[in-house]
Amino acid sequence: MKPRLLLLLPLLLAGLSVLRGSRCFEFVIDGEWEDEESVPRPGGDRHKRAILTSEEQEDFEAIRGDDITVKSYKVESRITSRFAHTTVRSSVVNSGSKAQTIGFNVQIPKRAFITNFTMNVNGITFTGSVKEKTVARNLYAQARAKGKAAGIVRSNSQELETFKTEVHVPPGSHIQFELHYQEMMQRKLGVYQHSLHLQPGRLVPQFQVDVYIFEPNGIAKLETSSDLGDELDGLVAVTQGAEKAHVVFKPTLRQQRKCDNCTESAVDGALSVTYDVKRDSNAGELQVSDGHFVHFFAPSNMSPLRKNIVFVIDVSGSMWGVKMKQTVEAMRAILDDLTTDDQFSIIDFNHNVRCWSEDLVPGSSVQIADAKNYIQNIKPVGGTNINEALMKAVQILVRASNQGLIDPRSVSMIILVSDGDPTVGEIKLSAIQKNVKKVMREDFSLFSLGIGFDVDYDFLERMAMDNRGIAQRIFANHDAAQQLRAFYSQVSNPLLRRVAVQFPEDSVSDVTQNHFDKYFGGSELVVAGKVRPSQSDTLTGFTSASGALMDITLETEVDTSKLDEELAKQQHSFTGFARQLWAYITIKQMMSERSLAPTASKKRKITQRILALATEHQFVTPLTALLVESEDTKERLLADAPKDPKQGCCSGSAMGGGAKTLPAVKVVYQPPPWVQITTPAPPSHAEKGPEDWTLPKRVNLVDNDPHFIVHLPQSNMDVCFNIDSEPGRILNLVSDRGTGVAVNGRLIGNKAAGTEKRSTYFGVISVHSRRDGIGVAVATDSIAFADGKNNHSFTWGATADVVQNGVRISIVKDSHVTVTVNQGIRVMVLLHRVWKKHPVNVDFLGVYLPNENRYSPLVHGLIGQFSREPEVSISDIHDGADPQKKEATMEVKGNKLHVTRGWQKDYRRDKRRGTDVFCWFVHNSGKGFIDGHYSDYVVPDLHGFVSME
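Within every chain, residues take consecutive numbers counted from 1 along the sequence as written. Local features in this predicted model are restricted to residues of pLDDT 70 or higher, and side-chain atom pairs are both shown and tallied only at a pLDDT of 80 or more, whereas totals for entire chains, interfaces and linings draw on every residue. Side-chain metrics rest on all non-hydrogen atoms present in the structure, leaving aside hydrogens and water.

**Details of the overall build of the protein chain**
Phase 1 of the analysis: In this text, helices come from DSSP runs of H or I with a minimum length of four residues, and strands from runs of E with a minimum of two, each type numbered from the N-terminal end. Secondary structure summary: the protein chain contains 14 helices and 54 strands in total.
Phase 2 of the analysis: Using a 1.4 Å probe on the protein chains alone, a residue whose accessible area is under 20% of its type maximum counts as buried, one over 50% counts as exposed, and one in between counts as partly exposed. Among the 949 residues that make up the protein chain, the fraction classed as buried is 58%.
Phase 3 of the analysis: We call two residues in contact whenever any of their non-hydrogen atoms come within 4.5 Å of each other. In the protein chain, once contacts between residues fewer than 6 apart in sequence are set aside, the share between residues at least 24 apart is 70%.
Phase 4 of the analysis: What sets the accessible areas is the Shrake-Rupley method with a 1.4 Å probe; for residues, cover comes only from the shown protein chains. Accessible surface, the protein chain: about 39,300 Å² in total, of which carbon and sulfur atoms supply 48%.

And the structure:
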């Protein structure tokens, strides 16, 4: 018989005999109790770890026992908005002639919380409820007094734990097991992955797995994979719609067999569903349900921040062999990922500390090759001096910062790789943690990687959380190098710093962590909270952050009742997801806060909050227990998940996002000036509309087909003309070589077919600032922003404000974009949407430029030339062919032009009907009013300038 091992995060099961008539059912429980408050004795069992052997991992079976019949084994996951509720059910019969022990084991993700376990034994039903730990200890003591042992949750892989229970029953007994657990899906490297581990250990007549996914914003992509083998892979069926997907795996008995005559099951492995969601904008996805909100933030198409990294590598004697070999392999791959914009150095340490370079160096090919050679020649030996190594790493970053060698918008990181506790120098863990905290600057982060089980992972995790980083355990096996590389991939692409997600103070409460030190590409930041009762049917969120070259502020809003109405229509959605997700994140963050509590009093207060929330939301946490009772409450089973001090907890909802655990922050929102354009006007000014605040009443504009309206303030006159050109041509509106600003528009045609002449509109408006090296291309489907090196993209789906160098882009959701260059030149682009299935019309843009723009004397272009207002006189006004339109003679620039009095439209106030602007219309594409011919203003590209010499 294999020895039982004490493993990480044990789940304790204690039970009493179940008596019914002449039959006796005994819950058999095995394992040991570990006091979650206990502290390892120095020199005692601190380094004593247990690892499941590969043989034991392969020996896992969901249902254990001899001479038993498994009637059914069913797994169902309902994933709604990244929150998964999984239920595992099994029905088993003791078909032998003797009483025996039957086991029910389920592998669950380490980040999941068990929410319930029920069992029915020959009609006696045991129902679970989460209680405080004190209840668990009292019942456990009673169970031990009766000679019972304890059950465990075993950690047998990088991401899994095993729920384990056994029941001793007479022959003919019928047992039904049912386990529930919940978890928030974490986005890593651009996807969410939900894995179900299927190892029934025997053939099952009714075997079925169902995964239901509902994402309100839509599913962008979905894939399934498994290690079950090609034949079983082909049995996974996927039905997918815009917002919903259903994955089903239902092998027959014949399909489950390893071979035609085999009695062993071929189902032995993991079935994974990987997906990502559609994102309408970089502002994030705000959802409200059941009185709670969740804000998901995962922007993309942004320039990565530069990195300054000091790698701190443990080369003590315990790293000898496979650990060192795999660390070197991983480091070589990691170094290849660095760019010339990144700076790095390497420290290796045992009882001594050595630097490959005392200073940060750029990630050039020469430096990387030298660093690889240095790492390749490391020979592990000696003790472990973590304190001095980390002090040296901070010193390198501080010196570079003091010398001005670190870009203030870059990210500075220390990545520590170690497999053991300190044995040389400062060995007191609390002192090391305090020392590191003292010298680390606010803009530095520490990431800790603990290799194997000979390291105090809880210590590494506390240090990381205390210094704006995260920790991860690396399992010392054949794929340790891949684990190291995978972790680095998650933190190697920082896109934003100092991210804050805020809401109006009177609209929300109990908000989870809403300030994050970093956002890494491919991950996701999640903020949740409660929605206060309000007469308003909308909730608005504001996100601000700093990018590589820009500062951004994003606004998103949601109808607070819409999602609940939609969930009610969904048969397989998890209707309570928002409430549970908020509690899940809050508990995870409080566990992190508890581990960093500076005093015992503070720790007790946090503990009480965790207990209250966990019992209210029925989560089995390291501080609560699941009490499973029979209907008459006379018989009990106890499931408890104490915190293992070596395993550590978690770092909240922003794992992979470099979040800093912060205390609760009072959320106060002071709207920046640009937001005022979306704020309803006071009642006395309501008829004016918000656009009146963005540009003056009279402006130069080009809108519709395309109609030009030039306002001449000195003459108090508006002159208009059309340009009769072709789709695809680019017209220059402003060409100012003095300020370096060009405004151009690309024409598109309508959908008219045949020989009929197509109407043209502006489909793209470009604002290019040559001095700032920035180009903004506003199209009907997106707003592109390029700085000569990096491209960024925003959608019309959210209000946003972006500032880089001297250029500011203010986007008002589905309305307009205002581009301001060096506070002197403003260009507003108005979006016109039409019915998508319209047989003729297309979406198009209008452009509005105030006369107050501060151009240089060199400015020209179809609009720009009129910054130098020409002398215009109107004479001989008389009736025309159309009695509603007077005709006249215009004298301008030495030309006498026949003009017609008419009107065009300004659409800023009313995009549907427009506001009439009366003007004198110049025929023949403005000939005589504009300099030269309109074709002189056709440029080859969107950044082009015109020359009118």
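Having seen it, we continue.
**Considering unusual backbone geometry**
Phase 1 of the analysis: One non-glycine residue, Asp67, lies in positive phi territory at about 50 degrees.
Phase 2 of the analysis: Tracing the chain through its elements places Asp67 in the loop between strand 4 (63-64) and strand 5 (68-80).
Phase 3 of the analysis: For Asp876, which is not glycine, the phi dihedral falls at a positive 55 degrees.
Phase 4 of the analysis: Mapped onto the elements, Asp876 comes out in strand 50 (residues 872-879).
Phase 5 of the analysis: Residue classification places Asp876 among the exposed positions, given a relative accessible area of 51%.

**Focus on the side chain of Asp276**
Phase 1 of the analysis: Among the structural elements, Asp276 can be located in strand 18 (residues 269-277).
Phase 2 of the analysis: With residues near it in sequence (within four places) discarded, Asp276 still touches Arg187, Gly190, Tyr192, Ile219, Ala220 and Lys221.

**Side note on the state of the cysteines**
Phase 1 of the analysis: Cysteine sulfur pairs qualify as disulfides if the two atoms are within 2.5 Å. For the structure shown, the criterion picks out 2 disulfides.
Phase 2 of the analysis: Cys259 shares a disulfide with Cys262; S-S distance 1.7 Å. Judged by the sign of its S-S torsion, about 90 degrees, the bond between Cys259 and Cys262 is right-handed.
Phase 3 of the analysis: Relative accessible area serves as the criterion here: at 35%, Cys259 is assigned to the partly exposed category.
Phase 4 of the analysis: On the accessibility criterion, Cys262 (18% relative accessible area) is buried.

**Considerations on the sheet that holds strand 31 (residues 525-531)**
Phase 1 of the analysis: Spatially, the 4 strands line up as an open sheet ordered 19-20-31-29, and their pairing is antiparallel. The open sheet has two edge strands with one neighbour each: strand 19 (285-289) and strand 29 (508-509). Strands are treated as partners if at least two bridges between them are detected by DSSP.

**Remarks on the packing of helix 7 (residues 386-402) against helix 8 (residues 429-439)**
Between two packed helices, both the angle of their axes relative to each other and the distance between the axes serve to describe the pair.
Phase 1 of the analysis: Lines fitted to the C-alpha atoms define the axes, with helices restricted to the stretch that makes contact. Angles between their N-to-C directions range from 0 to 180 degrees. The geometry of helix 7 relative to helix 8 is characterised by a closest axis approach of 10 Å and an angle of 5 degrees between their N-to-C directions. One element, helix 7, and the other, helix 8, form an angle in the roughly parallel class. Side by side, helix 7 and helix 8 meet where Asn387, Leu390, Met391 and Val394 of the first sit next to Ile432, Asn435, Val436 and Val439 of the second.
Phase 2 of the analysis: Residue composition of the contact of helix 7 with helix 8, grouped by class: 6 nonpolar, 2 polar and no charged. Any angle between 65 and 115 degrees counts as roughly perpendicular, while under 35 counts as roughly parallel, over 145 as roughly antiparallel, and the rest as oblique. Under this grouping Gly is polar, as are all residues other than the nonpolar Ala, Val, Leu, Ile, Met, Phe, Trp, Tyr, Cys and Pro and the charged Asp, Glu, Lys and Arg.

**Comments concerning the environment of Lys605**
Phase 1 of the analysis: One can find Lys605 in helix 13 (residues 600-617).
Phase 2 of the analysis: Remark: the alpha-carbon pair of Lys605 and Arg594, spanning 11 residues in sequence, is separated by 9.0 Å.

**Regarding the confidence of the model for the protein chain**
Phase 1 of the analysis: For the protein chain, the average pLDDT comes to 83, and 83% of its residues sit at 70 or higher.
Phase 2 of the analysis: Here residues 143-157 is modelled with pLDDT under 50, and outside its nearest four sequence neighbours on either side it reaches 57 contacts, counting other chains as well.
Phase 3 of the analysis: In this model, residues 642-693 is a region of pLDDT below 50 whose contacts with residues beyond four sequence positions or in other chains number 133 contacts. Note: pLDDT gives the predictor's confidence per residue, expressed from 0 to 100.

**A few points about the pattern of salt bridges**
Phase 1 of the analysis: The salt bridge criterion pairs a side-chain nitrogen of Lys or Arg with a carboxyl oxygen of Asp or Glu, the two atoms within 4 Å. In the structure shown here, the tally under the stated rule is 32 salt bridges.
Phase 2 of the analysis: We note a salt bridge from Glu524 to Arg82, for which the minimum N-O separation is 3.1 Å. In this pair, Glu524 sits in the loop between strand 30 (515-520) and strand 31 while Arg82 sits in the loop between strand 5 and strand 6 (83-94), placing the two residues 442 residues apart along the sequence.
Phase 3 of the analysis: Judged by its relative accessible area of 5%, Glu524 is buried.
Phase 4 of the analysis: According to the relative accessible area criterion, Arg82 is buried, its value standing at 0%.
Phase 5 of the analysis: We note a salt bridge from Asp341 to Arg306, for which the minimum N-O separation is 3.9 Å. Placement of the pair is Asp341 in the loop between helix 5 (322-337) and strand 22 (343-349) and Arg306 in the loop between strand 20 (292-297) and strand 21 (307-314), with a sequence separation of 35 residues.
Phase 6 of the analysis: Assessed through its relative accessible area of 39%, Arg306 is described here as partly exposed.
Phase 7 of the analysis: One network of salt bridges, in which partners are shared, links Arg82, Arg187, Glu215, Asp276, Arg279, Glu285 and Glu524.

**With respect to a negative patch on the surface**
Phase 1 of the analysis: Where like charges cluster on the molecular surface, the negative patch consists of Asp290, Asp537, Asp559, Asp564 and Glu565.
Phase 2 of the analysis: Structurally, Asp564 can be placed in helix 11 (residues 562-569).
Phase 3 of the analysis: Given a relative accessible area of 33%, Asp564 falls into the partly exposed group. Here a patch means residues that are over 30% exposed by relative accessible area and free of salt bridges, tied together within 9 Å if like-charged and within 5 Å if nonpolar (Val, Leu, Ile, Met, Phe, Trp, Tyr). For the charge count, each Lys or Arg is scored as positive and each Asp or Glu as negative, with His and the chain ends excluded. Charge positions come from single atoms, namely NZ of Lys, CZ of Arg, CG of Asp or CD of Glu.

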